[in-house]
Each structure stands twice: as C-alpha cells, then as structure tokens.
Amino acid sequence: MTKRFGALTALDDVSLRLAPGAFHAILGENGAGKSTLVKCMMGYHRADAGRLLVDGQEHQVAGPRGAHHLGFGMVYQHFTLVPSMTVAENLILGRDDLPAVVAWAAERERMEAFLRRMPFRVDLDRAAGALAAGEKQKIEILKQLFLGRRVLILDEPTSVLTPDEADQILGVLRTMAREGQVTVVLITHKFREVEAFAHEVTVLRAGRRIGGGHVKDLTRGDLVAMMIPPMLAVEALTVLDDKALTAVRELSLAVGAGEILGVAGVSGNGQRELVETLAGQRSPEAGLIRVAGERYRPTRRQMRRRRVFVLPEEPLSNACVRTMTIAENLAFRNFDEPPIAVTGGFLSRRALHDRGRELIDRFKIRAAGPDASLDTLSGGNVQRTVLARELSQSPKVLVAQNPCAGLDVAATAEIRGRIMAARNAGAAVLFLSEDLDELMELADRIVVMFEGRLVYETARAAADPHVIGHSMASHL
Ligand SMILES: Nc1ncnc2c1ncn2[C@@H]1O[C@H](COP(=O)(O)OP(=O)(O)OP(=O)(O)O)[C@@H](O)[C@H]1O
Ligand SMILES: [Mg+2]
C-alpha cells in the first residue's frame, strides 16, 4: 500500500502478510506510518495504491464497515466505550447491523455464553465509565471479539496500562491466536512486548518497510538498527583521486549514534579521498551521504547545521592556514556567525580573541596567546588547535583520520579521550587509522579498507588482529 497526504508519502509501497493465527507486531518511530498502514487496512483511509487480499481474494474496502464485514476490528490507544452505558450495552451497541429494537434477553444470553469462553471476568452491569484503564481496555478487546472479528488490529493498546495489565491482555490474545481463534496485529513501541508476544514483526521507517521477519531470528539490536537510521551513512560512494583514478569504489558504510567505526587499512587505499569527500573538499563521482537519514552535501552550512566535524590527516596542510593567527584558525567554522560576525560583514576582533583564549585554555594548547601565528606552534599543538575547533560544538558526526599520528603520549591520550567523550555523548565517529592497536582500543566495530572498498568487517570484541592484518594486505 501507498498513501500520500499532499506532498508527504506517509506509506510507501508497504506489504504485510498475515497467516491465520499470526501475532504480528509493527514497530517504528513516531511518524513512521504505522497508524496509516492499519487505517488503510481498516478503510479509514483510501490508499493511493495497493491491494488488500483476504483469503486470497481482492477486496475494495470503502470504509470501516467494509473492513468489519471482512472480519477486521480495531482497538485504539484511546477508549471508545460510552462511559454512561453499562458494559453489556457497550458490547451490543458496537454492531454495525444493530436492529432498531434490541432483543435484550436474547442478546444477554448470547453475551454470557460468549464470556464463559473468555479468560476475562467482567461485570456486565457496571457503567463503563467507572472501570479502571486496564478493565476498559479488556472490554474494548472483548467487544471486538464479541462482534466476531477474526483479525484484531491494536494500535498501541498498552500505553494506558500497567505492565501487568498489558502482559495479561497480550497473553490472552497470544493464546487465542495460537488456538487459531484470532489473528493479531499489534502496533507498539515496546520491544519487550514484541519479544514476549509476537511471532513476526514488520519495522517501518519514514513510510517504508525497512525490515522484519520472525521475532526469534532478530535481536533487540537488530530491531533498533532497523528503526533508527544510522547517524552517518555512505551509500555506494565512488570518488576519484587527483590523477582521476578511482580511489573509492562504490563504498557503503553506516555508523550509528554513539558508535566508533574503525577503518583499518594501509594508507593510500582511498582513505584520504573518502575523508576529503566527507569534508566537502572533493566531489564524489557517484553515491550519496546521509546524516540521520537525510541527504547530506558537505557544504559549510550543512556541516554546521548537521554538526559534522572532520579531523583530517596532516591538519597543518589540510585544515589550517599557517600564516593566520591561532584565534583565526579556531574560528574557521563560525567566523560568519555572531558573536564573531557583526553587522556590515565585519568581524569582531574582540570576540575572536576571547573565543580563542577560551579554547586555548580548554584544550590546553601551548601558545603565546590567541593572536600568535599558527606557524609558531609545535605539530602536536597544531593538532590540538584543529581538535579544539572541531570538538568544541558537540558533534553529531565526527570523522577523524590518524588524529594521533606524530603526537606524544600525553597528547595522544587526551585526543583519544576527547573522541571517546564525543562518542559517549552520542556522536557517530568514523575513525580511520593505520594503527591497528589504536583501533582495537577505541573502535566498537572495525572494517578494513583495501583498494577503495571495504573488504572485511568485525565487531571489536570478536576482532582478531591477525585476520585484520591479513585482509589489509589483500582480499581474503
Ligand atoms: N490525516 C493526515 N493528514 C496529513 N498527514 C498525516 C495524516 N495522518 C498521518 N499523517 C502523517 O503521516 C505520517 C505517518 O503518520 P502515522 O500516524 O502513520 O505515524 P505512526 O507511525 O503511527 O506514528 P506514532 O508512533 O507517532 O503514532 C506522519 O508524518 C503524519 O504526520
Ligand atoms: Mg500512530
């Protein structure tokens, strides 16, 4: 099914298959399209494209009544019971074909017979409005079952319940599904409910089906990774080097928030071109980059807005102007914003100086002062200057290439500590290094780059330096 609201495609060609007796969960972040999908199934929305097949036959569902006819019923997050009426009245009045004169005695008997088969005990004569939330939700579900629905769609039914109530209700539905009495679709945000009750799961993200399958085959990490787009994603990126030879070949990678992806490899295998592309210093031939799921072009504005920061190799030649002052170098990313930029296109020397002073202190840069030329700094302190500039604004994405090369022990420890801190604060870190020991120490996951491609991947915990070393030299 596909459903558009104006320019927004809320549901983009999503398919779902329910076997009889299935308990199928739908997961996704807010706005992923979960409710839209089930509302299309229920006939509340008319899908722009797609088909609904029941028992192998295609049906046009014009509205909720049409869906009820097919045996579909829906339970909402909010309650739909009429508070002033009794439970019995609520159960009976849900019928689409309610006669003008209700034969109460006969209905009552039918209802009591039905309830004897149900695992819930309910007091039929109480006013619905007097019931607690858990009781009300049970009645909502009972009502759908009493009305003879065979496919029960529940849109976050447990958000108003205590965990115990939720477990009880979902447990009953699971048993009924197992016995083939009903097929269940459960929209939820709770992984625990998916793991404990569902057999299958569909994960939606931005209107698309991103993944899913049998719950027993999926870990919680798998589900989270499907729901939330990686902070940094590179998709089929091809980049040429200065001699117009292919340096990066259809390379794809993804780095999650709070993750350090270590890229091992002998230098000259495309690392520099990859970093330059991410830093906006080189245009790719093909492919694309996404930050938090959205297309990203590394212009100054986008880098600032999306908080993407880059620590390139050899910062003195790649990220600094040695004839400018330390304060000016520190202000590369924000000289055109207040407080440094003032009206009329002028810079405030004062703000520039103060900001420089602050960063020199915070990042312990050994310098005569903010107005000293960058030329006067030692190599390690140039590195710190770039680091101060790139790490001072809590990055969302941090790309670092050999950031500790040529630094002394103390400076190395400090830079690594700052990169770890950025990761722990939720940044996605792409860490390219020739030093395998460094990657083994810092990275959560390690990939190997060889001739412009990623040829090997391993979790750090399972990483074997010999295997990594071998794949650095050739394809495995
Ligand atoms: N009637 C509508 N008119 C316009 N836009 C809509 C309408 N209904 C939903 N949308 C939009 O469609 C997208 C998907 O919404 P939907 O309600 O399906 O999300 P959801 O996955 O159920 O999210 P939540 O977990 O917050 O309930 C959202 O961007 C939403 O704003
Ligand atoms: Mg919803």
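As the structure is a prediction and not an experimental result, all values here were calculated from the model.

Novice: Provide a residue-level description of the overall build of the chain, including the pertinent values.
Specialist: Counting its secondary structure elements, the chain contains 17 helices and 22 strands. Scaling as 2.2 N^0.38, a compact globule of 476 residues should have a C-alpha radius of gyration of about 23 Å, whereas the chain reaches 30 Å, well beyond that. Taking the principal axes of its C-alpha atoms as reference, the chain extends roughly 95 × 55 × 40 Å. A burial count over the chain gives 40% of its 476 residues as buried.

Novice: Could you give an account of the sheet that holds strand S14 (residues 286-291), with specific residues and numbers?
Specialist: Across the sheet, four strands lie side by side as S12-S11-S14-S15; this open sheet has antiparallel pairing. Two strands lie at the open edges of the sheet, namely strand S12 (246-255) and strand S15 (294-295), each paired on one side alone. Where strand S11 (residues 232-240) and S12 come together, six bridges link them in antiparallel fashion. Bridged to Val 234 within S12 is Leu 253.

Novice: If you had to explain helix H1 (residues 34-41) to someone new, which residues and values would you point to?
Specialist: With eight of eight residues buried, H1 lies mostly within the body of the structure. What H1 keeps buried is the set Lys 34, Ser 35, Thr 36, Leu 37, Val 38, Lys 39, Cys 40 and Met 41. Positive backbone phi, approximately 80°, marks Gly 43, located one or two places after H1.

Novice: Which residues make up the domain arrangement of the chain, and what are the values?
Specialist: Per the domain assignment, the segments making up the chain are domain 1 (3-227), domain 2 (231-307 + 394-476) and domain 3 (322-392). Averaged C-alpha coordinates put domain 1 and domain 2 at centres separated by 44 Å.

Novice: I'd like a description of the pairing of strand S3 (residues 23-27), backed by residues and values.
Specialist: Burial of S3 is extensive: five of the five residues sit out of reach of the surface. Burial of the side chains of S3 extends over both faces: Phe 23, Ala 25 and Leu 27 are buried on one face and His 24 and Ile 26 on the other. Relative to strand S9 (residues 200-205), S3 is paired through four bridges, and the arrangement is parallel. Paired with His 24 across the two strands is Glu 200, which belongs to S9.

Novice: Can you explain the site of ligand 1? Please cite residues and give values.
Specialist: Contacts to ligand 1 come from Phe 5, Leu 8, Ala 10, Gly 28, Asn 30, Gly 31, Ala 32, Gly 33, Lys 34, Ser 35 and Thr 36. Tallying contributions element by element places H1 first for the shell around ligand 1, with three residues. For the shell around ligand 1, the per-class residue count stands at four nonpolar, six polar and one charged.

Novice: Describe in detail the nonpolar core, supporting the description with residues and values.
Specialist: Val 397, Leu 398, Val 429, Leu 430 and Phe 431 are the most contacted members of the largest nonpolar core, which has 68 residues in total. For this core, the domains that each give at least three residues are domain 2 (231-307 + 394-476) and domain 3 (322-392). Those residues in contact with Leu 398 that sit more than four places away from it in its chain are Phe 309, Ile 419, Ala 422, Ala 427 and Val 429. Phe 23, Ile 26, Val 75 and Val 201 belong to the second largest nonpolar core, which has 54 residues in total.

Novice: Talk me through the packing of helix H14 (residues 379-391) against helix H15 (residues 409-424); I want residue IDs and the actual numbers.
Specialist: Contact pair H14 / H15: the axes reach a minimum separation of 11 Å and the direction vectors enclose 10°. Put simply, H14 runs roughly parallel to H15. In this structure, H14 contributes Gly 380, Arg 384, Leu 387 and Leu 391 to the contact, and H15 contributes Ala 411, Ile 415, Arg 418 and Ala 422. Taken together, the residues of the contact of H14 with H15 sort by class into five nonpolar, one polar and two charged.

Reading the values: rules and limits
- Residues numbered from 1 in each chain as written.
- Chains lettered and ligands numbered in written order.
- Predicted model: local features only at pLDDT ≥ 70, side-chain atom pairs only at ≥ 80, totals over all residues.
- Helix = DSSP H or I, 4+ residues; strand = E, 2+ residues; numbered from the N terminus.
- Rg over C-alpha atoms; globule rule 2.2 N^0.38 Å.
- Buried ≥ 20, exposed ≤ 12 C-beta atoms within 10 Å, placed from the backbone.
- Pairing = 2+ DSSP bridges.
- Domains from an automatic or database assignment.
- Near = placed C-beta within 6 Å.
- Nonpolar A, V, L, I, M, F, W, Y, C, P; charged D, E, K, R; others polar.
- Core = buried A, V, L, I, M, F, W, Y, C linked by C-beta atoms within 7 Å.
- Contact = placed C-beta atoms within 7 Å.
- Axes fitted to C-alpha atoms, helices over the stretch in contact; angles between N-to-C directions.
- Parallel < 35°, antiparallel > 145°, perpendicular 65-115°, else oblique.

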